[in-house]
Amino acid sequence: MANEENKVKNTEKKFTKKSFDNKKSLLEDKVISISRVTKVTKGGRHFRFSATVVVGNRKGLVGIGSGKANEVPEAIKKALMAANKNVVKVALIDNRTIPHDATAKVGRAVVLVKPAKKGTGVIAGGAARAVLELAGVKDIVSKSLGSNTQVNVAKATLEALKSQRTPAKIAALRGKKVEEL
């Protein structure tokens, strides 16, 4: 058991390098969670590893992916490929904060994100912090209200960021100019 935990820690250090996606833009990655999954069969227990990774360029692009494999490095590699496929653009104001408050729910995890004044920094914990930092948000307040499962908190944070709408987007939806709002 302790030997497997050391394997997990050693592979986490190896996979904090930068990776490339289809668009050839430089994306950083961060491992959110690695867990051991057990399947009980007639022949005994079958162990596999599940990994969740977040990627981003710190300029508005961010994505989350998860993968499973028999070994930790393979699971991380699969999660990286999935995260690179799921990259989305996040609306930022002045390249530092979000336009408005938002809450998102995934499973039983509920995440609240609020814009903050310049110089506040990223006030968030765990998986939400990783998603927000790799998205490029510099000033934000975040609170996890429901369950604190790392994977669901990360996905809920990404959903809250995807729900952001800029004044330009709202004006386009209403068929008006930004000044008319």
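Residues numbered from 1 in each chain as written. Predicted model: local features only at pLDDT ≥ 70, side-chain atom pairs only at ≥ 80, totals over all residues. Heavy atoms only, no water.

**Student:** Describe the overall build of the chain, with residues and values.
**Tutor:** Regarding its fold elements, the chain presents five helices and nine strands. With 181 residues in all, the chain has 41% of them scored as buried. Of the contacts made within the chain by residues no fewer than 6 positions apart, 53% connect residues no fewer than 24 positions apart. Just so you have it, the chain exposes about 10700 Å², and 50% of that area is on carbon and sulfur atoms. (Helix = DSSP H or I, 4+ residues; strand = E, 2+ residues; numbered from the N terminus. Buried < 20%, exposed > 50% of the residue type's maximum accessible area, 1.4 Å probe, protein only. Contact = heavy atoms within 4.5 Å. Areas by Shrake-Rupley, 256 points an atom, 1.4 Å probe, with all protein chains shown as cover.)

**Student:** Explain the nonpolar core residue by residue, including any values.
**Tutor:** If you look at the biggest cluster of nonpolar residues, it comprises 30 residues, and the most contacted ones within it are Val54, Val137 and Leu161. When residues of this core are traced back to their parent elements, those giving at least two are β4 (61–69), β6 (102–106), β7 (109–115), α3 (126–135) and α4 (150–162). Here valine 137 is in contact with Leu92, Arg96, Thr97, Ile98, Val122, Leu132 and Leu161, once residues within four sequence places are set aside. Formed by 16 residues, the second largest nonpolar core is a distinct cluster that contains Leu27, Val31, Ala51 and Val55. (Core = buried A, V, L, I, M, F, W, Y, C linked by side-chain atoms within 4.5 Å.)

**Student:** Talk me through the sheet that holds strand β9 (residues 140–144); I want residue IDs and the actual numbers.
**Tutor:** The strand order β6-β7-β9-β8 describes an open sheet built from four strands, whose pairing is mixed. The sheet terminates laterally at β6 and β8 (122–123), the two strands that pair on one side only. Contacting β6, β7 and β9, α4 runs over the sheet at an angle of about 140 degrees to β6. (Pairing = 2+ DSSP bridges. Axes fitted to C-alpha atoms, helices over the stretch in contact; angles between N-to-C directions.)

**Student:** Give a description of the environment of leucine 92 that names residues and reports values.
**Tutor:** By the secondary structure assignment, leucine 92 is in the loop between β5 (88–89) and β6. A relative accessible area of 17% places leucine 92 in the buried class. As for leucine 92 and alanine 135, which are separated by 43 residues in sequence, their C-alpha atoms are 9.2 Å apart. Not counting residues within four places of it along the chain, the set of residues in contact with leucine 92 comprises Lys59, Gly60, Thr97, Ala135, Gly136 and Val137.

**Student:** Which residues make up the pairing of β6, and what are the values?
**Tutor:** Only one face of β6 is covered, namely the one carrying Ala102, Ala104 and Val106; the face carrying Thr103 and Lys105 has none of its residues buried. With five bridges connecting them, β6 and β7 associate as antiparallel partners. Looking across to β7, one finds that valine 106 is bridged to alanine 109. The antiparallel pairing of β6 with β7 creates a hairpin that spans two residues between the two strands, and glycine 107 there sits at a positive phi of about 65 degrees.

**Student:** How would you sum up the packing of aromatic side chains? Please name residues and give values.
**Tutor:** Evaluation of the coordinates by the stated rule reveals zero aromatic pairs. Residue placement shows arginine 36 over the ring face of phenylalanine 47; its charged tip is 4.5 Å from the ring centre. (Phe/Tyr/Trp six-rings, centres within 6.5 Å; stacked < 30°, edge-to-face > 60°. Lys NZ or Arg CZ within 6 Å of the ring centre and 35° of its normal.)

That's the geometry; what it means functionally is another story.
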